[in-house]
Amino acid sequence: MTNFNGQQPMIEAAGLRKSYGDTVAVKGVDLQVHPGEIFGFLGPNGAGKTTTIKMLIGLLRPTAGIARIGGHDIQRDPIAAKSLIGYVPDQPYLPEKLTAREFLEFIAGLYQLDRGAARRRGEELLKLFDLGDRGDDLVGGFSHGMRQKTALAGALLHNPQAFFLDEPTVGLDPRSARLIKDILREVSERGTAVFMSTHILEIAERMCDRVAIISGGQVIATGTLDELRAGHSGESLEDIFLELTGGAEEAALADALA
Amino acid sequence: MLNAIRVLVRMQFVIFRNTFWRSKISRKILVILVVFGLGAAAYGLYQLTRNIVQGLTSPDFAEFLARAARTTPGLSMDVQLYLLAVPSAVLFFALALMVLTSFTTVLSSLYLSGDMDMLLAAPVPMRAVFVVKFFGGLLVPYLLLFFLLGPFLLGFGQGLGWGAAFFVIAFVVLLLLPLLPTGLGALLVMAVVRVIPARRAREIVGVIGGMVGISWYIFSQFANQLAPRVANARMLDYLRRFDNPLLPSAWAGRALAAAGMGDWVQLGLYGGLFAGLSIGCFALCIALAERLYYAGWSNMSTQGGRVRKRRRAKDEGQTSAPNAPQSFVVRLSSFVLPRESAAVLYKDLRVFPRDLRNVQQLIFPLVVAGIWTFRLISSGSPFGAGEQPEILKSFGQLASAGISFYICLVLSSAMGGAGISREGRGFWLLKVAPISASRILLGKLALAYLPYPTIGALFVLFLSILQHSTPVEFVRALAMVMLGGLGATSITVGMGAAFPKLSWENPRQQNSLQAGCLAPILYLAYLGLALSALLGLPLLALLAPGLVIVLTLLGWAIFLVLTAGVVWGALTFGAARLERLEVGG
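Here's a quick rundown of the structure.

Our focus in this paragraph is the overall build of chain A. A count of helical and extended segments in chain A gives 10 helices and 10 strands. The buried share of chain A, reckoned over its 258 residues, is 50%. Across chain A, the fraction of contacts at a sequence separation of at least 24, relative to all contacts at a separation of at least 6, is 70%.

Structure (C-alpha cells):
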C-alpha cells in the first residue's frame, strides 16, 4: 500500500450534502483521494453512493459543501475540474446513432485533444477493449457490456487525473472485468486517483488502497483495510461491511431461513 | 389465462392510478382540464349532430332537396336515404384511420413497452400478455371513439328519434370497431418484427405516416382547384358509396340503421357479419400470438443494431479517419466555432439524419416550400400588381424573404428546437465534459442556424430571380432572412436549453411543453417588433418623402439592436438554466 500522506488530494469532498425536499440523500460527506490511490466507495443500496459521485463530478449540485477535483471547486471552476475527470456511470447512456469510433472522436473534440493523437489512442483503446472490429457499428446495437467498454474507452481517452467509476464491473464478462481491474491498477500507477463505487467487496478488498463505507447518507468508516480491521471483530471486508451497515442481522436471518 | 389477464390488468390499473395520484398538482389539474375539455367537446358534438340531423329531417330541407333534384337528374329526394348512409360513411373513416394507425399503435404496445422483459420472463401465458398489451394499445383509440364517435352516434340517433336498440348496438359497434384493424395491424406487426427490429420498424412507419400526412396536406392545398368539379348536389350520392355492402364498415353502419328502424333481420345479418369478422380476426390473433408473439420478441432481443461495413483503409490497419462529416459546412465551422462547440455540431450532424423520424420532420417544410413557390409563380405577388406607391411595391419583393424565413424557421425548429433534449439520457456526457453551457449552446446554435445560410440563401436567390428583383432588393431580403433567422434560432435554442426534456423515447416528443409554448410567443414578439421597425418606419415616408433613407436606416438599426438583444438574452437565459440542470438524482 502506498502512503499518500502529505500529498495534495486529487478528489476532495468537504461536507457534501444533498437534499430532495425533506429527504436528505447525503448527510455531509468528507473524504479525500490522492493521486495514484484507488479508493473504494462501498455502501448498501440507496446509501447515497451514486449521489455522492454525481456531486463530486458536477452532475448534481450539492445542497451544501464543496467538491474539489485537483483543487478546483467543481461548481465554481467546472471547466478546469472537469478536464481532469473521467467518468463511467453504471448505466452508460451513449448516443445510440454514433459508431464507437465516432463517439471517441466526439469525446476528443469535447476535451479538445489533438486529433491525430486522439485517433491513435482511440484505436488503441478500442483494440484493448476488444471493440476494434465493432468500431464502425452504431452504439445502439451494442450489448450492455460493450456499451460499458465504449464508455470506458471514452473516459480514458484524455488520460484523466481523477477517474470515477460507478459499479464498473456490472454486466461485464470475467475477461473484461479482469481487464478493467488491470487498467485501474495501471492508471493508478501513472498517478491517477481512482474513485470506484462497488458492491463487489472482493474487488474492493483486493484492489483498493483505502475504502469508505457509506450508509444512510453518512460515511461511517474510512481507511485502509488494516485500519478498518483494527476496530472490528471481523476479518474480511464483508464481515466489517455487514457489521457496520447492520447487515449482520439479515445474514443471520438468511442462515436461519436456509 | 384469465387469471393472468386479471393480474396484468390490475397492475395496469394500479400504475394508472399511481401515475395520477402521485403526480404533481399541476399535472393533476392538467389531466382534469383535458377530461373536462374532452367532455365539453363530446357534448358539443352530440348537440351539433342532433341539431343537424333534426334540421335535415325538417320540411324546409325536404323542399331544398326537391329543388336540387329538379336541376340534377337522378338525385333522390328522399333525405332518409342519405341519412341512413351516414353511419356507414362515418364508420368507414374511423375504420380507415384505425387501419392507418394500427400498426404503430400495436407495435409500440406489443414490443416497445419497458416491462416486456419482466412479463415474458414470468410464468404468464404469452396469450395473456398479448391480450393485455393489445387492449393497452387500444386505450387511446377507445377514448377517441367514445368521446368523438360515441356522441356523434348518440346525437344522430336522437336526431332521428331512434330507440334504445340503436344506442345498445352503437355501444357494441364502438367496442368491436377497433378489433378488426388492430387485429390486422397486430398480425402484420408480428410478421414484420421477425424481419426488422421493432425500433427500426417504428422509425420506418413513422416516416411513412409522415408522408401520408404530407400527401394529405398537398391534396388539401390543391382542394380549391379540385373542389368545383365535385362540390355540387351530386356529392350527396358519394355518401351512399360508403354504404357498399362489401365494406365491413357498411355492415356496422347498416346494423346501426337496422337497429334504429327496428329491422331485426337486417340487424342480425349485418350485425352478425360485422361482429363475426371483428371477433374472428381478434380470435385469430390470439390463436397465433402464442407462437408469433414470442418468436417476434425473442428475435428482436437477439438482433443487434445496424452493422456498418468497415472501410478498406481500416482493414489495412489504418486509423479510421472520420470522413463522413468533412463537408464544406463542417470545415467552415471549424474556423468559426471553438473546438468543443464544433465537436457538438459534428456529432449532431451525424446523429440527426440517422434517425429517420428526424428526417421526417424536415420533409414537411420542404414540401411547403415547393407549394408556396408554385403559388408565387402561378399567382404572382399581391403587392406587385396595379398602381401602387414604390415603397408598397417593394414590399412585394419581400415575399421571397418571408417564404424563405418561414421555411428555414420550421427546419431550424425541427433541427435545433430540441437541441439539448436530443441528447436525452446521454446528456451526462456533456455535463461531465469540460465544456461550458454557452459553448454547448454555440454548437447547437450552429446546427439550428444552418438552414438559413444554406437553404434560406438559395431560396431567396431563386425567388428573387423569379420575381425579377434588383440586386439591392435581393441583398435586403437576404439580410432580413439571415438576421431574423439568427434572432429566431437563438430563441429556439435558448428556450430548448432552458426547458429541456431528456427522458424521451420518440424524437417527436423531444420538445418540452414550456419550450413549445414560450418559443412561438417570443418569435411573434420579436418578429412583430422587427417587422414594425423594418417595414413600419419606411411607411412613414409616405407622409414625409424626404426622410425615406433616414427612416429605412433607422429601421435597420433597430432591427440589428433588437436581434443582438434577442440573441444575447435567449442564449444567456438558456445557458444559465443549463448550467443549473442536474442529471439524475
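This part takes up the interface of chain B and chain A. Residue-level contacts link 33 residues of chain B with 36 residues of chain A. Within the residue set of the side of chain B that touches chain A, elements represented by two or more residues are helix 18 (339-354) and helix 22 (427-432) of chain B. Ranked by residue count, the leading element in the side of chain B that touches chain A is helix 18 of chain B, at nine residues. Here the side of chain B that touches chain A is composed, by residue class, of 12 nonpolar, eight polar and 13 charged.

What follows covers the sheet that holds strand 4 (residues 64-69) of chain A. Residue and element names in this part refer to chain A. One open sheet accounts for four strands, arranged 2-1-4-5; its pairing is antiparallel. Only two strands of the sheet have a single partner each, and these edge strands are strand 2 (23-33) and strand 5 (72-73). Of the strand pairs in this sheet, strand 1 (residues 11-20) and strand 4 are connected by five bridges, and their pairing is antiparallel. When the sheet's bridge partners are listed, Arg-17 is paired in strand 4 with Ala-64. This element, helix 1 (residues 49-56), spans strand 1, strand 2 and strand 4 of the sheet and lies at about 120° to strand 1.

A few words now on the environment of Gly253(B). Residue and element names in this part refer to chain B. Following the sequence through the fold, Gly-253 ends up in helix 14 (residues 248-261). Overall, Gly-253 belongs to the buried group, with 25 C-beta atoms counted inside 10 Å. C-alpha of Gly-253 to C-alpha of Phe-92: the two residues are 161 residues apart in sequence and 8.7 Å apart in space. When neighbours within four sequence positions are excluded, Gly-253 is seen to be in contact with Pro-87, Ser-88, Leu-91 and Asp-243.

The strands making up a sheet are joined through hydrogen bonds of the backbone, oriented either antiparallel or parallel. Residues and elements named next belong to chain A. Sheet architecture is open: six strands sit in the order 6-7-8-3-9-10, paired in mixed fashion. The outermost strands of the open sheet, each flanked by one partner alone, are strand 6 (85-88) and strand 10 (218-223). When the angles between neighbouring strand axes are averaged without regard to direction, this sheet yields 15°. Note that strand 6 and strand 7 (residues 162-166) share four bridges and pair parallel. Residue pairing in the sheet places Ile-85 in a bridge with Ala-162 of strand 7.

The rules behind the values
- Residues numbered from 1 in each chain as written.
- Chains lettered and ligands numbered in written order.
- Predicted model: local features only at pLDDT ≥ 70, side-chain atom pairs only at ≥ 80, totals over all residues.
- Helix = DSSP H or I, 4+ residues; strand = E, 2+ residues; numbered from the N terminus.
- Buried ≥ 20, exposed ≤ 12 C-beta atoms within 10 Å, placed from the backbone.
- Contact = placed C-beta atoms within 7 Å.
- Nonpolar A, V, L, I, M, F, W, Y, C, P; charged D, E, K, R; others polar.
- Pairing = 2+ DSSP bridges.
- Axes fitted to C-alpha atoms, helices over the stretch in contact; angles between N-to-C directions.

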